[in-house]
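Structural overview for review
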Amino acid sequence: MNATQQHILLAEDDSNFGIVLRDYLELHDYEVTLCANGCLAITAFRKGNFDICLLDVMMPEKDGFTLAREIKKINPDVPLIFLTAKAMKEDMLEGFKIGADDYITKPFDSEVLLYKIKAVLNRRLPLAVEKEEQERFTIGHYLFQPKLRLLTHSNVEQRLSPKESDLLQMLCQYMNDVLPRELALGRIWKEDSYFTARSMDVYIAKLRKYLKDDAAVEIMNIHGRGYRLCIHNNVML
């Protein structure tokens, strides 16, 4: 597992479904430990370091609710999402009383689950990831002043919208490093969903247009992770 991957504990007794779901999540850059029952899952949890747990409610040997209680005794802060074939109000209430962050009923759209996972993890991002604010940033031949929301190039000023300015500021704070997609969505849009993610893509396209007059400046899409604002020093102008 590389340092940027988040680790998911998946407890699911349906082997075919579990394997398909594990492979899908791994395609989206998560590390997944799949356990076929609650006993194996609690053993794995004690040995591993997990960012989130996906727990099937109905499992042999140890059901999802019992497993969740044991997990919360070990680490009260780890987020939980329950997977269930039953959409019963009593079960949902039981799950939330234990400390579930979300609940999803089978069959479900895998992309919906993916965004639920991202939203839960985003809510738990520590405040320590905040970067120091600056009055101005130099982006190649551009000057960016976040408080004024001004981007200047060759004495031509472009006033940015609040979201454009906030997004460019975060990209500048992570200059030549990856700005995590979930972090930007949580800080600027206050929500990580399919629709806000598409909205951020639109804003990234706008920023690329504003920065197009300097060939050394590029906003790169880092698949499955986020965006990277790069200054290429070897570009011939």
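Residues numbered from 1 in each chain as written. Predicted model: local features only at pLDDT ≥ 70, side-chain atom pairs only at ≥ 80, totals over all residues. Heavy atoms only, no water.

Quick look at the confidence of the model for the chain
- Summary statistics for the chain give a mean pLDDT of 86 and a share of 91% for residues scoring 70 or more.
- This stretch, residues 126-130, has a pLDDT under 50; its non-local contacts, to residues over four places away or in other chains, come to 6 contacts. (pLDDT = per-residue confidence, 0-100. Contact = heavy atoms within 4.5 Å.)

A closer look at the packing of aromatic side chains
- Scanning the model with the defined rule gives 9 aromatic pairs in all.
- A centroid spacing of 5.8 Å and a plane angle of 80° characterise the contact between Phe17 and Phe108, whose relative ring orientation is edge-to-face. Within this pair, whereas Phe17 is found in helix H1 (residues 15-27), its partner Phe108 is found in the loop between strand E5 (102-105) and helix H5 (110-123), the two being separated by 91 residues in sequence.
- Judged by relative accessible area, Phe17 falls into the partly exposed class, the value being 27%. (Phe/Tyr/Trp six-rings, centres within 6.5 Å; stacked < 30°, edge-to-face > 60°. Helix = DSSP H or I, 4+ residues; strand = E, 2+ residues; numbered from the N terminus. Buried < 20%, exposed > 50% of the residue type's maximum accessible area, 1.4 Å probe, protein only.)

Considering the side chain of Glu182
- Among the secondary structure elements, Glu182 is positioned in helix H7 (residues 181-189).
- Look past the residues within four positions of Glu182 in its chain and what remains in contact with it is Lys118, Asn122, Asp192 and Arg225.

A few points about the sheet that holds strand E6 (residues 137-139)
- Pairing within the open sheet is antiparallel, and its 4 strands lie in the order E6-E7-E8-E9. Each of the sheet's edge strands pairs with one partner strand only, and the pair in question is E6 and strand E9 (156-159). Geometrically, the sheet is characterised by an average inter-axis angle of 25° between neighbouring strands, direction not taken into account.
- Pairing of E6 with strand E7 (residues 142-145) involves 3 bridges; the strand directions are antiparallel. In the strand pairing of E7, Thr138 is matched with Leu143.
- Each of E6, E7 and strand E8 (150-153) touches helix H6 (residues 162-173); the most contacted strand, E6, lies at about 85° to it. (Pairing = 2+ DSSP bridges. Axes fitted to C-alpha atoms, helices over the stretch in contact; angles between N-to-C directions.)

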